[in-house]
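Tertiary structure, described
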Amino acid sequence: WNYDDRSIRALDVGSDVLARGGVVQLEYSSSGKYLAASRGGQKSDIWQMHIERIVGSLDGKILGISPDERQLAVRVDHDTFVKLEFAESKSNFRLPCHCEAAEFSPDGNWIVSGGSAGVQVFSASTGRMYADLRLDACGPVCFDPSGGSLYTFGMFSHAQRWPVVLTEEGRSAQIGPPDRK
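My aim in this report is to walk through the structure given alongside it, one point at a time. Quantities reported herein were computed from a predicted structural model and do not represent experimental measurements. Sequence positions are assigned chain by chain, starting from 1 and proceeding in written order. For a predicted model such as this one, the threshold for reporting local features is a pLDDT of at least 70, and the threshold for listing and counting side-chain atom pairs is 80 or more; totals across whole chains, interfaces and linings nevertheless cover every residue. Calculated side-chain values reflect all of the structure's heavy atoms, with hydrogen atoms and water omitted.

Moving on, we come to the sheet that holds strand S6 (residues 71-77). Only strands joined by at least two bridges in the DSSP assignment are considered to pair. Secondary structure elements follow DSSP: runs of H or I no shorter than four residues count as helices, runs of E no shorter than two count as strands, and numbering proceeds from the N terminus. An order of S5-S6-S7-S8 is seen for the 4 strands of this open sheet, with the pairing classed as antiparallel. Across the chains shown, the open sheet's two edge strands, defined by having one partner strand only, are strand S5 (61-65) and strand S8 (93-96). Averaged over all adjacent pairs, the angle separating strand axes in this sheet is 25 degrees, with direction ignored. Inspection of the sheet shows S5 paired to S6 by 4 bridges, in the antiparallel sense. Axes here mean lines fitted to C-alpha atoms, for a helix over just the part in contact, with angles spanning 0 to 180 degrees between N-to-C directions.

Shown next as structure tokens:
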């Protein structure tokens, strides 16, 4: 997908992609500059779309790209996901949690993970856990574009919308309680 002219074309990923496990997940950056393709064998490639080339590869499954396109949430094994930055940074860290999905808040200050341990909210700058929503095993998590709501989907709790109030500095947030409509 070419974001600028709204056209579709095939990327030449090479014939060895299927031999390496095929593509199991795609994540597009908010501006369309990057496309992350996670392969079955827990490897991921990052494509820069305007040059149609891989600009980076890493171990793990890319779960999300931050709105400013500087940070990645990557699942490195069943028990851990990491936050990485495209630029050189001392703020990369590992987050020990069972996650299947992760999402950055629209302002890039928070990372929310969903998985077998429920839903947790972490600071994107420090990795400190700010909240555990104490839910059953969850899959997808996402913020609405304004950051005013967090959506979760649990095995037993099903779809829930959690009102979110974030501070301007991104240092604190009030989440929930969930809407019970």
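Here the narrative resumes.
Turning our eyes to something else, we now look at the pattern of salt bridges. Whenever Lys or Arg places a side-chain nitrogen within 4 Å of a carboxyl oxygen from Asp or Glu, that contact is recorded as a salt bridge. Summed over all chains, the structure comprises 6 salt bridges. With a shortest N-O distance of 3.6 Å, Glu-85 and Arg-70 are connected by a salt bridge. With Glu-85 in strand S7 (residues 80-85) and Arg-70 in the loop between S5 and S6, this residue pair connects regions lying 15 residues apart in the sequence. With a closest N to O distance of 2.9 Å, Arg-75 and Glu-100 form a salt bridge. Here Glu-100 lies in the loop between S8 and strand S9 (101-104) and Arg-75 lies in strand S6, a separation of 25 residues in the sequence. Only protein chains enter the accessibility calculation, which uses a 1.4 Å probe; a residue is then buried when its area is under 20% of its type maximum, exposed when over 50%, and partly exposed in between. The class for Arg-75 is buried, based on a relative accessible area of 12%. Beyond isolated ion pairs, a larger network of salt bridges with shared partners links Asp-68, Arg-70, Lys-83 and Glu-85.

Note that all results are geometric; they support no functional claim without further evidence.
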